[in-house]
Amino acid sequence: MTAILPERPTVLDELPPMPTTAPPVVLPGLLAGVGLTEHRVPRWITDPDLTASILAGLVDIPDDLNPQEP
């Protein structure tokens, strides 16, 4: 017989519950980080090496410097 250890508490256990009426939230950075969407490169970045690093996921641009384009 094998004993199963109880699960350890995590940081997520301390978060308040999400209201049932709230829409689901998926962060764009999370989707890009797991490869489901492409990393966005702002138009003001012209250095090809920096562009390649952003597309590879090596450099992360904060949302306030990377405005959403329509």
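Cut-offs applied
- Residues numbered from 1 in each chain as written.
- Predicted model: local features only at pLDDT ≥ 70, side-chain atom pairs only at ≥ 80, totals over all residues.
- Heavy atoms only, no water.
- Helix = DSSP H or I, 4+ residues; strand = E, 2+ residues; numbered from the N terminus.
- Buried < 20%, exposed > 50% of the residue type's maximum accessible area, 1.4 Å probe, protein only.
- Areas by Shrake-Rupley, 256 points an atom, 1.4 Å probe, with all protein chains shown as cover.
- Patch = residues over 30% accessible without salt bridge, like charges linked within 9 Å, V, L, I, M, F, W, Y side chains within 5 Å.
- Salt bridge = Lys/Arg side-chain N within 4 Å of Asp/Glu carboxyl O.

Notes on the overall build of the protein chain
Of the regular secondary structure elements, the protein chain holds 2 helices and 0 strands. Split into buried and exposed, the 70 residues of the protein chain put 10% on the buried side. When the accessible surface of the protein chain is split by element, carbon and sulfur atoms take 63% of a total near 6700 Å².

What about a nonpolar patch on the surface?
On the surface, M18, V25, L27, L30, V34 and L36 cluster together into a nonpolar patch covering about 670 Å² of accessible area. Along the chain, the position of V25 falls in the segment before α1 (28-33).

Some remarks on the environment of I45
Note on placement: I45 falls in the loop between α1 and α2 (48-56). I45 sits in the buried class, given a relative accessible area of 9%.

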